[in-house]
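For reference, the chains in residue letters:
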Amino acid sequence: YDIPLISVLFLTLLLLFLALFPGAFSCCMKISDEISKGILRRVERFEIQKAGGLCHLEAVILHMKGKKFCVNPWNRKVQKMMKKMKHRIHMGKHHVRKQRTTRITKQKEAVA
């Protein structure tokens, strides 16, 4: 066998794998059981990583200003933070819808 040919073939297969499975190397490989309240306050968004498929560990991925933290999904502080964030997002969407409805109503009154 020609060594350079095998290297090119391996590199091609690796690039193909990365293109087809972009999240393969962004899995949490280990999780933290403890997380500070300061970090939890600065979380911008979170993802839930399920065990199975390419990632073999159940985790919550916390995103904040270019950083990622992998934490235990059963941690009470993490669960409380996720619940608050979901509630805040839900309330924000509801509030925007209410404003739009009011604005449209005022425009109709001005026309009439």
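Please refer to the structure higher up on the page.
Residues numbered from 1 in each chain as written. Predicted model: local features only at pLDDT ≥ 70, side-chain atom pairs only at ≥ 80, totals over all residues. Heavy atoms only, no water.

A. Main features of a positive patch on the surface. Where like charges cluster on the molecular surface, the positive patch consists of Lys37, Arg41, Lys77, Lys80 and Lys84. Secondary-structure elements contributing two or more residues to the positive patch are α2 (37-41) and α3 (76-111). (Patch = residues over 30% accessible without salt bridge, like charges linked within 9 Å, V, L, I, M, F, W, Y side chains within 5 Å. Areas by Shrake-Rupley, 256 points an atom, 1.4 Å probe, with all protein chains shown as cover. Salt bridge = Lys/Arg side-chain N within 4 Å of Asp/Glu carboxyl O. Lys, Arg positive; Asp, Glu negative; His and termini not counted. Charge placed at Lys NZ, Arg CZ, Asp CG, Glu CD. Helix = DSSP H or I, 4+ residues; strand = E, 2+ residues; numbered from the N terminus.)

B. Structural view of the sheet that holds strand β1 (residues 45-49). Read across the open sheet, the 3 strands follow the order β1-β2-β3; overall the sheet is antiparallel. Because the sheet does not close on itself, it has two edges, and the strands there are β1 and β3 (67-71). Within this sheet the neighbouring strands show an average axis-to-axis angle of 20°, counted without direction. Sheet topology note: the β1/strand β2 (residues 59-64) ladder contains 5 bridges and is antiparallel. The partner of Arg45 across the bridge, within β2, is His63. (Pairing = 2+ DSSP bridges. Axes fitted to C-alpha atoms, helices over the stretch in contact; angles between N-to-C directions.)

C. Structural context of the pairing of β3. The pairing of β2 with β3 spans 5 bridges and is antiparallel. What sits directly across from His63, in β3, is Lys68. Between β2 and β3, which pair antiparallel in sequence order, lie 2 residues; one of them, Lys65, sits at a positive phi of approximately 35°.

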